[in-house]
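# Breakdown of the fold
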Amino acid sequence: QVLKQLRSKYGDLYRQDNVILSGTHTHSGPGGYFQYTLFWITSKGLVRPALNSIVNGIVKSIDIAHKNMKKGRLFINRGTVENSQINRSPFSYLANPESERKRYSSNTDKEMVLLKMVGEDGHELGLISWFAVHPVSMNNSNHLVNSDNVGYASYLFEQEKNKGMLPGEGSFVAAFASSNLGDVSPNTRGPFCANTGESCDNPQSTCPIGGATMCMAKGPGKDMFESTRIIGQNIYLKAKELYEKASQEVTGPLSSAHQWVNMSSVSVQLNATHTVQTCKPALGHSFAAGTIDGVGAFNFTQGNLGQIPLGHPPGGLTALGSLHSIQRGGWGSVGWQGFSSLRDSVIPWFWSLTLFPPCPRTMSGRRLREAVQREFDSHGTPGMNVVIAGLCNVYTHYITTYEEYQLQRYEAASTIYGPHTLSAYIQLYRGLAKAIALGGRHSEKSPLFPPFFICSGGVYPAHRTSGISRPRAAVQSTIRPLLLQQKEVAKVTFVGANPRNSAENATEHNFLTVERYSNISSSWRVVLNDASWDTRFYWSKGSRGRSNVTIEWHIPAGTEPGVYRLRYFGHYKKRANLLRVISVPFEGSSSAFRVTAP
């Protein structure tokens, strides 16, 4: 969808081989936009407003970048981030050869790689950094859309560089991307039984009382909000240090290599006598167990090697666990596919920097990097900085080593193309690296292209927004007392509307603002919005099209004393005629209140 819009605006300038979608990863984002069945279960189908908002936002970002393109310089730096990660499947890591493990000082990759961007005139433009940590400091009890620890790092960096600007505004962009984070957790205190407090750091991640559902990892803070802040700040501080000291310039030509691959049938030459093949996409039994960062339902356990039916959806749809592939069946008269078999493999290449985008575990990532490095070395391009830019373009679950796969913990059970998935990726990326090294530019004209399931109507049930409603934003409960101190919470509840109404109508929309009154100009000035760390927006569905919206401002220490108010912005549904329903914007405001120093 992004490429389709770009093609209509820019022709062939932006293409499959030079556009890579690499987000600041989070486990607390909206769902319902990814076309494969498994990812639509919890969102009850396609949520077109979510899909459209994401696509439009990405395209708008590219538009802004295109209009502001300028000559500049790139600098690379790398360093170690401490006290911010643990391996959440250490017993799987130990299955790798001891000789291989002895080459590394840790069972996670602690290195951050940072790319600094500066204009020819010396004006600071932005950065991209890659670091291996899962964005799950906010655990699965959280219902707030947020960008987690790496998003908080981005927030801190951009607030520093874009002084006086609201989040999302300002010219400096700080992107904190993913690397080989498959088995890496930010919950540094490790797993404990929620009911007894004892450690559950065992091969099955289970507790004596309550089983696997009680085993949860703890972050460094007193709650998930503080843990997110601590880990995010650690990442930010290291990025700031690397950014300020970056002096190694990245120079030379720019190129890329891209191809589509049917990952369910890749033949891999292991050695002179053995050839193996990848499998049709499948999830093992232990996938349902989840991880210590977010346990699954029904008390499934990690490390289970058995095969059991995971369920029998309507219309004869059958899903089997273990090494069985998801069978194609029927949902009414409509076909379906649980996972993607097609994967686009792409390497963007600077003269001394190479990126490639799978989502491997720690040791898988190390093997991938080394294989690509050796390929470049053997074809006359030594000294490359090889970076894993995880979670780009499409999500295809995890990549474990062959040895880790045998233990079938969560990440192994989520390695959907079978035990030789890693070997297949290594073979494919070596081929792309060779193409770049020998020719500088390569884009395979493959007849393969992924199916597009959401074109036709009625494929899956989609969420509906609230029904026809009247203008609202009446204050249900206002801020009390009207005099608050720093570190207290200002809270107000409005009669509101479904936030999705707003997502349908605007690429940019603030659901809330915190405003401070200026005696000099006799006017209100916005000082925070819904992307600010200290604000929270809660929506709860009511009856007969009504709903409630609660806005909180957790007033931090150092807040400038003065008079403030909280404002809410939404859209309600209105019938224009018998056949047409429109969304109409509305807003509400709290009473004014004063913030003082403690």
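In this text the structure is predicted, and so the values were computed from the model without any measurement.

Rules used throughout
- Residues numbered from 1 in each chain as written.
- Predicted model: local features only at pLDDT ≥ 70, side-chain atom pairs only at ≥ 80, totals over all residues.
- Heavy atoms only, no water.
- Axes fitted to C-alpha atoms, helices over the stretch in contact; angles between N-to-C directions.
- Helix = DSSP H or I, 4+ residues; strand = E, 2+ residues; numbered from the N terminus.
- Parallel < 35°, antiparallel > 145°, perpendicular 65-115°, else oblique.
- Left-handed = near helix turned anticlockwise from the far one by under 90°.
- Contact = heavy atoms within 4.5 Å.
- Nonpolar A, V, L, I, M, F, W, Y, C, P; charged D, E, K, R; others polar.
- Pairing = 2+ DSSP bridges.
- UniProt positions renumbered as here; feature names shortened; annotations may be inferred.
- Buried < 20%, exposed > 50% of the residue type's maximum accessible area, 1.4 Å probe, protein only.
- Polar contact = N/O pair within 3.5 Å; in protein donor to acceptor, adjacent residues only side chain to side chain.
- Phe/Tyr/Trp six-rings, centres within 6.5 Å; stacked < 30°, edge-to-face > 60°.
- Lys NZ or Arg CZ within 6 Å of the ring centre and 35° of its normal.
- Expected span 1.5 Å × (residues − 1).
- Core = buried A, V, L, I, M, F, W, Y, C linked by side-chain atoms within 4.5 Å.
- Disulfide = S-S within 2.5 Å.
- Salt bridge = Lys/Arg side-chain N within 4 Å of Asp/Glu carboxyl O.

## Remarks on the packing of helix 5 (residues 148–161) against helix 6 (residues 224–245)
Two elements in contact, helix 5 and helix 6, have axes separated by 7 Å at closest approach and are oriented at 50°. Of the possible angle classes, the one that applies to helix 5 and helix 6 is oblique. Read as a crossing pair, helix 5 and helix 6 show a hand that is right-handed. Mapping the contact onto sequence places D148, N149, V150, Y152, A153, L156, F157, E160 and K161 in helix 5 and T228, R229, I231, G232, Q233, I235, Y236, A239, K240 and Y243 in helix 6. A per-class count over the contact of helix 5 with helix 6 returns ten nonpolar, four polar and five charged.

## Some words on the packing of helix 1 (residues 2–10) against helix 2 (residues 48–67)
Look at helix 1 against helix 2: their axes get within 9 Å of each other, and the N-to-C directions meet at 40°. Comparing the axis directions of helix 1 and helix 2 gives the class oblique. Both helix 1 and helix 2 take part in a crossing whose hand is right-handed. Between helix 1 and helix 2, the contacting residues are V2, Q5, L6, K9 and Y10 on the first element and V55, N56, I58, V59, I62, D63 and H66 on the second. By residue class, the composition of the contact of helix 1 with helix 2 is seven nonpolar, three polar and two charged.

## Quick word on the sheet that holds strand 4 (residues 124–131)
The pairing of strands in a sheet happens through backbone hydrogen bonds and is either parallel or antiparallel. Strand order across the open sheet formed by five strands is 5-4-3-1-9, with mixed pairing between neighbours. The open sheet is flanked by strand 5 (173–178) and strand 9 (248–250), the only strands paired with a single partner. Across the sheet, the axes of successive neighbouring strands diverge by a mean angle of 25°, strand direction being ignored. When strand 3 (residues 111–119) meets strand 4, the two strands line up antiparallel, connected through six bridges. Bridge assignment links M117 to a residue of strand 4, and that residue is G126. On the sheet, helix 5 packs against strand 4 and strand 5 and is oriented at approximately 160° with respect to strand 5. In this fold helix 6 packs onto strand 1 (72–80), strand 3, strand 4 and strand 5, with an angle of close to 50° to the strand it touches most, strand 3.

## Points about the UniProt feature "binding site: Zn(2+)" (unreviewed entry) in the protein chain
Taking the UniProt record as the reference, the feature "binding site: Zn(2+)" (unreviewed entry) is found at H25, H134 and Y398. Residue position: H134 is located in the loop between strand 4 and helix 5. Classification of H134 by relative accessible area gives buried; the value is 2%. Among the secondary structure elements, Y398 is positioned in the loop between strand 19 (385–388) and helix 8 (402–405). Residue Y398 is classed as buried on the basis of its relative accessible area, which comes to 4%. Those residues in contact with Y398 that sit more than four places away from it in its chain are R88, H134, G182, C359, Y410, E411, S414, T415 and I416. One polar contact links Y398 to H134, side chain to side chain, over a distance of 3.3 Å.

## Description of the packing of aromatic side chains
Counted according to the given criterion, the structure contains 22 aromatic pairs. Aromatic pair Y398 and Y410: ring centres 5.5 Å apart, planes at 80°, arrangement edge-to-face. With Y398 in the loop between strand 19 and helix 8 and Y410 in helix 9 (residues 410–413), this residue pair connects regions lying twelve residues apart in the sequence. Geometrically, the ring pair formed by Y568 and F586 is edge-to-face, given 5.5 Å between the ring centres and 80° between the ring planes. Pair noted here: Y568 is in strand 28 (residues 562–575) and F586 is in strand 29 (residues 581–589), with a separation of 18 residues, a long-range link. By relative accessible area, which is 1% here, Y568 ends up buried. Taken together through their ring pairs, the aromatic side chains of F494, F511, F537, Y568, Y572 and F586 make up a single cluster. Here the guanidinium or amino end of K161 rests over the ring plane of F172, the centre of that ring lying 6.0 Å away. Sitting above the plane of the F225 ring, R536 keeps its charged end 3.7 Å from the centroid.

## Comments concerning helix 5
An ideal rise of 1.5 Å per residue puts 20 Å on 14 residues; helix 5 measures up with 20 Å between its terminal C-alpha atoms. For helix 5, a buried count of eleven out of 14 residues is recorded, marking the element as mostly surrounded by other parts of the structure. Residues D148, N149, V150, G151, Y152, A153, S154, Y155, L156, F157 and E158 constitute the buried set of helix 5. Looking at the buried side of helix 5, the elements it contacts are strand 4, strand 5 and helix 6.

## Looking at the nonpolar core
Counting residues in hydrophobic clusters, the biggest one holds 26 residues, and the most contacted among them are M263, V266, L368, V372, F376, Y425 and Y429. Elements with a minimum of two residues in this core: strand 10 (254–262), helix 7 (362–378) and helix 10 (421–439). Within the second largest apolar cluster, 21 residues are counted, among which are F131, I231, A239 and Y243.

## Remarks on the state of the cysteines
The tally for this structure, following the rule as stated, stands at two disulfides. Put simply, C193 and C207 are joined by a disulfide, and their sulfur atoms are 2.2 Å apart. Classification of the bridge connecting C193 and C207 rests on its S-S torsion, roughly -110°, and on that basis the disulfide is left-handed. Here C207 lies in the loop between strand 7 (190–193) and strand 8 (215–218) and C193 lies in strand 7, a separation of 14 residues in the sequence. Taking relative accessible area as the criterion, C207 reaches 7% and is therefore assigned buried. The partner cysteine of C200 in its disulfide is C215, sulfur to sulfur 2.1 Å. Since a negative S-S torsion denotes a left-handed disulfide, the C200-C215 link at about 90° is right-handed. On the criterion of sequence distance, the pair formed by C200 in the loop between strand 7 and strand 8 and C215 in strand 8 is long-range, its members being 15 residues apart.

## Observations concerning the pattern of salt bridges
Under the defined criterion, the tally for this structure stands at 27 salt bridges. With its nearest N and O atoms 2.9 Å apart, the salt bridge here joins D17 to R15. D17 gets classed as buried once you look at its relative accessible area, which sits at 6%. As a salt-bridge pair, E226 and R229 come within 3.6 Å of each other at their nearest N and O atoms. A residue pair is termed a helical-turn pair when its members lie 3 or 4 positions apart in one helix, as E226 and R229 do in helix 6 at three residues. In the salt-bridge network here, residues are joined through shared partners; they are R88, D183, D293, R361, E404 and E411.

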